[in-house]
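Remarks on the overall topology
In case you want the letters, here they are:
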Amino acid sequence: MTRSVLIVDDDREIANLIDIYLRNEGYETAQAHDGEEALDKLASRSYHLVVLDIMMPKMNGMEVCRRIRETASIPILMVSAKAEDMDKILGLMTGADDYVVKPFNPLELVVRVKTLLRRAYQYGQQAAPQADEDGLLKIHELMINKATHTAEVEGRPVHLTSTEFGILFLLASNPGRVFSAEDIFQQVWKEKYFESNNTVMVHISKLRDKLEQEMGRKLITTVWGVGYKIET
């Protein structure tokens, strides 16, 4: 299946550069050059991933990301000239799955796109021991569906990003096991972990809040100084 990517950047030279590299990798691409145009394109058809700039006219990337997350869990790769840690954290807390700082190496961006797509649409193809033959995994009142990449609590959907689902499936497939931030990053992101990387913490926080809002109690436990786990 050919994956489709929406490139959102008001700098047409950068958008065209990203477009060329992604098309060379076999992806179908489309472009939008402000936030409103991006939302219009997303409303008119579905895409597998969005490459999203932050600083744009009419509506910035943060607001676009928030709007997308109201209805969809499509992977979002945020691109920005802002390199400060707090900017990255804000982007991730808003709902982005990954963050690339300008100027970037186009080949690195392609690798990150591939990683996000693999995580979103292929993660968990190897059956977990606790999943039944239909790929369903039940933890208390939480039902996780590996095949459809969805989770629900007593019939109510829990709207997760692909990254959040990857973390949840990893922890839920290994109840009682403590995973360090490094373990989670390497197994979900499939990349080398750097000690100062706080990406896992941000995604765990968002995932925990969503689950607690639906379940009314804590599911993911922090083992201080070690990592995170889910108890059955």
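Note that the structure is a prediction, hence the values are computed from the model and not measured.

Remarks on the packing of helix α2 (residues 35-44) against helix α3 (residues 61-69)
Where α2 meets α3, the axes come as close as 9 Å, and the angle between the chain directions of the two elements is 20°. Looking at the two axes, α2 sits roughly parallel to α3. Note that α2 runs across α3; the crossing there is right-handed. For the pair α2 and α3, the contacting residues are G35, L39 and L42 in the first and V64, R67 and I68 in the second. Taken together, the residues that form the contact of α2 with α3 break down as four nonpolar, one polar and one charged.

What to know about a nonpolar patch on the surface
Judged by side-chain polarity, L17, I20, Y21 and L107 come together as a nonpolar surface patch covering roughly 350 Å² of accessible area. Considering every element that reaches the nonpolar patch, the biggest residue donor is helix α1 (residues 12-24), with three residues. Mapped onto the secondary structure, Y21 falls in helix α1.

Structural notes on the side chain of S180
You can see S180 is positioned in the loop between α6 (162-172) and α7 (181-189). Engagement of the side chain of S180 in a polar contact is seen with the backbone nitrogen of D183, the distance being 3.0 Å. Ignoring anything within four residues of it in the chain, the contact list for S180 reads V226 and G227.

Rules used in this analysis
Residues numbered from 1 in each chain as written. Predicted model: local features only at pLDDT ≥ 70, side-chain atom pairs only at ≥ 80, totals over all residues. Heavy atoms only, no water. Axes fitted to C-alpha atoms, helices over the stretch in contact; angles between N-to-C directions. Helix = DSSP H or I, 4+ residues; strand = E, 2+ residues; numbered from the N terminus. Parallel < 35°, antiparallel > 145°, perpendicular 65-115°, else oblique. Left-handed = near helix turned anticlockwise from the far one by under 90°. Contact = heavy atoms within 4.5 Å. Nonpolar A, V, L, I, M, F, W, Y, C, P; charged D, E, K, R; others polar. Patch = residues over 30% accessible without salt bridge, like charges linked within 9 Å, V, L, I, M, F, W, Y side chains within 5 Å. Areas by Shrake-Rupley, 256 points an atom, 1.4 Å probe, with all protein chains shown as cover. Salt bridge = Lys/Arg side-chain N within 4 Å of Asp/Glu carboxyl O. Polar contact = N/O pair within 3.5 Å; in protein donor to acceptor, adjacent residues only side chain to side chain.

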